Amino acid sequence: MRKSLSSLWLRSVRQLGKLGKVQARQGRKLLKTLLPVTPRPTAKGRNHTPSQQALIDPLSGVASVPPVIERAIRRTTRPAGQWSKAYFHPPAESLPAGAIAKRMGYWLYLPSRHVWDAYGDTHEPMPLVVMLHGCKQTATDIATATRLNALADRKGFAVLYPQQSAAADAHRCWHWYQRDTQQGGGDVALIASLIDRVRQQHGLDASRIYLAGLSAGAALANLIALHHPALIAAVGLHSAPVFGTTDSPISAYRAMQHGAMLLNTEAAREFTRAAPQFPGMPTIVIHGDGDSVVRRINARQLVEQMHIVNAPWISSAHPVARHHAGRAGGRSPRHGYRSLTYYAGRKPYLVQCDIESLGHAWSGGDGSVDYSTPAGPNATLMMWNFFALHRRLPAASPPQAGAGAPVEMPAVSPVTATEATA
């Protein structure tokens, strides 16, 4: 027995060492994935006060299952809806200058209830969740990692997975850091057009379109939400960098590793000056404390930015802080995590969730694919619980302001270090 315990202990130490090396390797590879590559052709315990206890906790939900029963569950609980691949051919004038890819592939999941609707059963239009993958991922990778299709069957929403073309970027990275993209062009304009096309084709609920992403996908999701607030009701950002402070792969790498220095708040204030009628954007930010690819400082600075953007709608002077202890064993192991929630009345409007020991991976996901870990908490369920509280109404105005209609954000140039010191 003593020998067996010693062996287990040594094995655990070795596994921890390997995990650290993996995180370090991901950091070293990060810059390489951002640099231009010759395109190749595409191939087929809570801390809140008693008076605050009645406020909704946007992160409550079940943790993921342990990895030992992962494969068995996938075999017995496959989503029962319609899973299909298609291509979006955008108008030529909406393509980025010099674009190589002339079309965008995407996957669409329509849950079983939607299939029944097609045969005459009456239900209100379904919500739509749009999920954007990260670098070195495909649409099917992020669908597997998040298990979003299975949740869609349970909750009754459609899921759209746009996929970056390998012709546009050999690593399938979204170009969130480019100036044109940050001003609302490029990938932002393409995906916004795709979302609207899919919504119309399938009769989905225009007031309940939600956007989420991981890493580069989260960075792009944030830009789409900011430029098209009339289209998006809420956004979920997992392992996302700050916005508005980059214009090249080098500056993107610097932001992902060191944050935006003092430029993040200035970028957010420039945004609010340029879009005074912005209707607000409910946002949940999830990040791992152990992320060496997009460092945790990005989560803090991103929440600072979104607090500035959403200030007219946030009614709580201070966030409600909660702490959830981790579980090392049992049927639902998870990391401990902390959350800060800013409310609009009793409804959570801006949420920051920091997960202990989590690296650059989707929390509570499917461990069979890269950039995903089965240890909870379940980020997919967290995001949906938050999304389900919000709708995009035809008109929205802050409580202290007069009437105002949603408007798209005007083009805003990113704030660079040179501009800030000039």
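Provided above is the structure to which this section pertains.
Within any chain, residue numbers begin from 1 and follow the written order of that chain's sequence. Since the coordinates come from a predicted model, pLDDT governs what is reported: local features require at least 70, and pairs of side-chain atoms require 80 or more to be given and counted, while whole-chain, interface and lining totals use all residues. Side-chain figures throughout are based on the complete set of non-hydrogen atoms in the structure, without hydrogens or water.

Participant: So, the pattern of salt bridges: which residues are in play, and what are the values?
Facilitator: The salt bridge definition used is simple: a Lys or Arg side-chain nitrogen within 4 Å of an Asp or Glu carboxyl oxygen. Enumeration over the complete set of coordinates arrives at 12 salt bridges. The residue Asp289 makes a salt bridge to Arg338 at a minimum N-O spacing of 2.9 Å. Of the two residues, Asp289 is situated in the loop between β7 (283-288) and α11 (297-309) and Arg338 in strand β9 (residues 337-344); the sequence distance between them amounts to 49 residues. Classification of Asp289 as partly exposed rests on a relative accessible area of 29%. With a closest N to O distance of 3.0 Å, Glu304 and Arg300 form a salt bridge. You can see Glu304 and its partner Arg300 sitting in helix α11, four residues apart, about one turn around the helix. A helix here means a DSSP run of H or I that spans at least four residues, while a strand means a run of E at least two residues long, and both kinds are numbered starting from the N terminus. Burial classes follow relative accessibility: with a 1.4 Å probe on protein chains only, a residue under 20% of its type's maximum area counts as buried, one over 50% as exposed, and anything between as partly exposed.

Participant: Describe in detail the sheet that holds β9, supporting the description with residues and values.
Facilitator: Paired strands, in this sense, are two strands between which DSSP finds at least two bridges. The strand order β1-β2-β4-β3-β5-β6-β7-β10-β9-β8 describes an open sheet built from 10 strands, whose pairing is mixed. A single partner strand is all that each edge strand has here, and the edge strands are β1 (82-88) and β8 (320-324). Adjacent strand axes in the sheet meet at a mean angle of 15 degrees, parallel and antiparallel pairs treated alike. Taken together, the eight bridges between β9 and strand β10 (residues 347-355) define a ladder with antiparallel strand orientation. By the bridge assignment for β10, Thr341 is matched with Val351. Across the sheet, helix α5 (residues 148-155) touches β1, β2 (104-110), β3 (128-132) and β4 (158-163), and the angle it forms with β4 is around 155 degrees. Taken strand by strand, helix α12 (residues 379-387) contacts β3, β5 (209-214), β6 (234-238), β7, β9 and β10, and its axis lies near 160 degrees from that of β6. Between N-to-C directions, angles cover 0 to 180 degrees, with each direction set by a line fitted to C-alpha atoms, over the stretch in contact for helices. Note on contacts: a residue pair is in contact if any heavy atoms of the two residues lie within 4.5 Å.

Participant: Any details on unusual backbone geometry? Residues and values, ideally.
Facilitator: Phi is mostly negative for residues that are not glycine, and the peptide bonds are mostly trans. Residues Gly376 and Pro377 are joined by a peptide bond in cis, for which omega reads 5 degrees. Of note in the backbone geometry, Arg172 takes a positive phi value of approximately 55 degrees without being a glycine. Within the secondary structure, Arg172 is located in the loop between β4 and α6 (179-182). Positive phi, close to 60 degrees, is recorded for Ser239, a residue that is not glycine.

Participant: For the packing of helix α10 (residues 263-274) against α11, give the residues involved together with the corresponding values.
Facilitator: Taken N-terminus to C-terminus, the directions of α10 and α11 make an angle of 25 degrees; their axes are 9 Å apart at the nearest point. Regarding the angle of α10 to α11, the classification is roughly parallel. Between α10 and α11 the crossing geometry is right-handed. Facing Asn264, Thr265, Ala267, Ala268, Arg269, Phe271 and Thr272 of α10, the residues of α11 in contact are Gln301, Glu304, Gln305, Ile308 and Val309. Residue polarity follows a fixed list, in which Ala, Val, Leu, Ile, Met, Phe, Trp, Tyr, Cys and Pro are nonpolar, Asp, Glu, Lys and Arg are charged, and the others, Gly among them, are polar. Its residues assigned to classes, the contact of α10 with α11 comprises five nonpolar, five polar and two charged. Working definition: roughly parallel below 35 degrees, roughly antiparallel above 145 degrees, roughly perpendicular at 65 to 115 degrees, and oblique for all remaining angles. Left-handed describes a crossing whose near helix is turned anticlockwise from the far helix by less than a right angle; the clockwise case is right-handed.

Participant: Before we move on, can you summarise the packing of aromatic side chains with the specific residues and values?
Facilitator: Aromatic contacts are taken between Phe, Tyr and Trp rings whose centres are within 6.5 Å, Trp giving its six-membered ring; a plane angle under 30 degrees counts as stacked, one over 60 as edge-to-face, and the others as tilted. Within this structure, the stated rule accounts for nine aromatic pairs. On the numbers, 5.0 Å between centres and 80 degrees between planes, the contact of Phe271 with Phe278 is edge-to-face. Look at Phe271 and you get buried, because its relative accessible area is 2%. Joined through ring pairs, the aromatic side chains of Trp83, Trp107, Tyr109 and Tyr161 make up one cluster.

Participant: An account of the pairing of β8 is needed here, citing residue identities and associated values.
Facilitator: Where burial is concerned, the two faces of β8 differ: the one with Val320, Arg322 and His324 is buried and the one with Ala321 and His323 is not. Bridging between β8 and β9 involves five bridges; their strand directions are antiparallel. The residue of β9 that forms the bridge with Val320 is Thr341.

Participant: Go over the nonpolar core, please, and point to the residues and values.
Facilitator: Among buried residues, the Ala, Val, Leu, Ile, Met, Phe, Trp, Tyr and Cys ones that are joined through side-chain atoms within 4.5 Å form a nonpolar core. Counting residues in each nonpolar core, the largest one holds 58 residues, and the members touching the most others are Leu132, Leu160 and Ile195. Among the elements that take part in this core, helix α8 (residues 216-227) stands out by supplying nine residues, more than any other. Setting aside its immediate chain neighbours within four residues, Leu160 contacts Tyr106, Trp107, Leu108, Leu128, Val129, Val130, Met131, Leu194, Ile195 and Val198. Counting residues in each nonpolar core, the second largest holds 33 residues, with Leu148, Cys353, Phe386 and Phe387 among its members.

Everything listed here is a matter of coordinates, which is why it stays silent on function.
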